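Summary of structural features
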Amino acid sequence: MTKSTYNAIEKEYHCKLLVAAYWYSNPCECCHIAYIPFIIMAHSARNFKNNRKEVSMMEKKYYQQHGKTDIFKSYLVKNAEYTGKFEIPCLHQTSRLIPKKLITFSKALKSTEYDAWIVFYEHDEAFIRIWRNPRKYLNILKRFRGVMSPDFSMYRNMPLVMQAWSTYMSRALALWWQENGIEVIPNVRFSTEDSYEIVFQGIEKHSTVSVGTHGCFKRKLDREYFLMGFDKMMKTIEPKVVIIYGAAPQKYFRKYDDYCHIIQFPSQFSMTHSNARR
């Protein structure tokens, strides 16, 4: 390496170190994510002088703070295997237990029905907290029999990258919960045909899966998209058991009875309205 090249690298390193110091004192979620390459490059530059102590301290301080604000939350997938071009985390050996009772996450926070399985078939705002601070809710989830992976929203008019992110968040949390001894059944949420290359990735064939149907049958167009996606899921994953949370009209699902056990649970919405009519 020439002296001029060495000096250029050193100069670049010091510039990046100054930028790093600024972000440490002025934390910002998006900037922490974007700055990861700078940390790595700064580390490489300092290594030319075989003096890693300063950079190691810098990295340690960065990741300590990074863990509090990082929307990527790399610790969730530190042992992950990925699949597909969107690199969705794979779930292996998911639960084969059959739930007897389901409870939504927001109700579970104040419930002692620990024989129930937690589901996330409610508005994202009711459970986005588990992504923002996974560790805070881990012990709460452990009290229950098991969980379905989170059902982050996927709308037909959402950009595909956002649908991939919703799927990623769900699988990353599910993987981490598994590693922490929680029984997990993968939730599958799909939208249009474009989503199929994402949403079925990383789920083992012949496993147990869960789907939510609330709002999927009222309008003809919604029903058609749901049934098309459900059929694609059945052909792709070939699940042995499907847990359906919400409406499951027999005329649409009986054709799967020969090779799949479908178990339906009424949604919290339908139970609330049913009780109100009594």
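Residues numbered from 1 in each chain as written. Predicted model: local features only at pLDDT ≥ 70, side-chain atom pairs only at ≥ 80, totals over all residues. Heavy atoms only, no water.

**Some words on the pattern of salt bridges**
Test applied: One side-chain nitrogen of Lys or Arg within 4 Å of one carboxyl oxygen of Asp or Glu is enough to make a salt bridge.
In the structure shown here, the tally under the stated rule is ten salt bridges. In this structure, Asp222 and Arg219 form a salt bridge, with 2.9 Å as the shortest nitrogen-oxygen distance.

**Some remarks on the sheet that holds strand S9 (residues 261–265)**
In sheet architecture, strand pairing relies on hydrogen bonds along the backbone and comes in two forms, parallel and antiparallel. Just so we agree on the cut-off: We treat two strands as partners when DSSP finds at least two bridges between them. Each helix corresponds to a stretch of at least 4 residues labelled H or I by DSSP, and each strand to a stretch of at least 2 residues labelled E; elements are numbered beginning at the N terminus. In this analysis an axis means a line fitted to C-alpha atoms, helices contributing only their contacting stretch, and an angle means the value between N-to-C directions, from 0 to 180 degrees. Whether two residues are in contact is decided by their heavy atoms: any pair within 4.5 Å suffices.
Spatial strand order, S7-S8-S9: three strands in an open sheet with parallel pairing. Of all strands in the sheet, those bounded by a partner on one side alone are strand S7 (208–212) and S9. Sheet twist, expressed as the mean angle between neighbouring strand axes with direction ignored, is 20°. Strands S7, strand S8 (241–245) and S9 of the sheet are contacted by helix H9 (residues 220–237), whose axis makes an angle of about 175° with S7.

**A short note on helix H7 (residues 160–179)**
As a reminder of what qualifies: Given the number of residues in a helix, its expected span is that number minus one, multiplied by 1.5 Å.
With 20 residues, H7 should reach 28 Å at 1.5 Å per residue; the first-to-last C-alpha distance of 29 Å fits that figure. Downstream of H7 by one or two residues, Gly181 has phi in the positive range, about 85°.

**What to know about the packing of helix H6 (residues 134–142) against H7**
Our working definition: Orientation categories follow fixed angle ranges, with anything under 35 degrees roughly parallel, anything over 145 roughly antiparallel, 65 to 115 roughly perpendicular, and all other angles oblique. Should the near helix be turned anticlockwise from the far one by less than a right angle, the crossing is termed left-handed; should it be turned clockwise, right-handed. For this classification, the nonpolar set comprises Ala, Val, Leu, Ile, Met, Phe, Trp, Tyr, Cys and Pro, the charged set comprises Asp, Glu, Lys and Arg, and every other residue, Gly included, is treated as polar.
Put simply, H6 and H7 touch, their axes get as near as 11 Å, and they point 55° apart. It follows that H6 is oblique to H7 by the angle criterion. Two packed elements cross with a definite hand, and for H6 against H7 that hand is right-handed. Between H6, through Pro134, Arg135, Leu138 and Leu141, and H7, the contact on the second element is made entirely by Leu173, Trp176 and Trp177. Class assignment of the residues belonging to the contact of H6 with H7 gives a composition of six nonpolar, no polar and one charged.

**A few points about the confidence of the model for the protein chain**
Here is the rule: For every residue, the pLDDT score states the predictor's confidence, bounded by 0 at the bottom and 100 at the top.
Averaged over the protein chain, the pLDDT score is 83; the fraction of residues at 70 or greater is 71%. Here residues 11–50 scores under 50 on pLDDT; set against residues more than four positions off or in separate chains, the count is 62 contacts.

**Re the packing of aromatic side chains**
Put simply, the rule is: Between rings of Phe, Tyr and Trp, where Trp is taken as its six-membered ring, a pair exists when centres lie within 6.5 Å; planes separated by under 30 degrees are stacked, by over 60 edge-to-face, and by other angles tilted. Geometrically, a lysine NZ or arginine CZ counts as sitting over a ring once it is within 6 Å of the ring centre and also within 35 degrees of the ring normal.
Under the criterion given, the structure shown has 21 aromatic pairs. Taking 5.4 Å as the distance between ring centres and 10° as the angle between the ring planes, the aromatic pair formed by Trp165 and Tyr168 counts as stacked. Here Trp165 pairs with Tyr168, and both are found in helix H7, just three residues apart, close to one helical turn. Joined through ring pairs, the aromatic side chains of Phe190, Tyr196, Phe200, Phe217, Phe226, Phe230, Tyr252, Phe253, Tyr256 and Tyr259 make up one cluster. One cation-aromatic arrangement involves Arg135 over Tyr75; the distance from NZ or CZ to the ring centre is 3.7 Å.

**With respect to unusual backbone geometry**
Keep in mind that most residues, glycine aside, have a negative phi and that most peptide bonds are trans. Defined as follows: Each residue's exposure class comes from its accessible area (1.4 Å probe, protein chains only) as a fraction of the maximum for that residue type: buried when under 20%, exposed when over 50%, partly exposed otherwise.
You will see that Glu87, though not glycine, has its phi angle at about 50°, which is positive. By the element assignment, Glu87 lies in the loop between strand S1 (82–83) and strand S2 (88–89). The class for Glu87 is partly exposed, based on a relative accessible area of 49%. Positive phi, close to 50°, is recorded for Gln93, a residue that is not glycine. Along the chain, Gln93 falls in the loop between S2 and strand S3 (102–104).

**Observations regarding the environment of Phe86**
Note on placement: Phe86 falls in the loop between S1 and S2. The class for Phe86 is partly exposed, based on a relative accessible area of 29%. The spatial distance from the C-alpha of Phe86 to the C-alpha of Gln201 is 9.2 Å, given a sequence separation of 115 residues. When residues no more than four places from it in sequence are discounted, the contact partners of Phe86 are Leu160, Ala164, Glu197 and Ile198.

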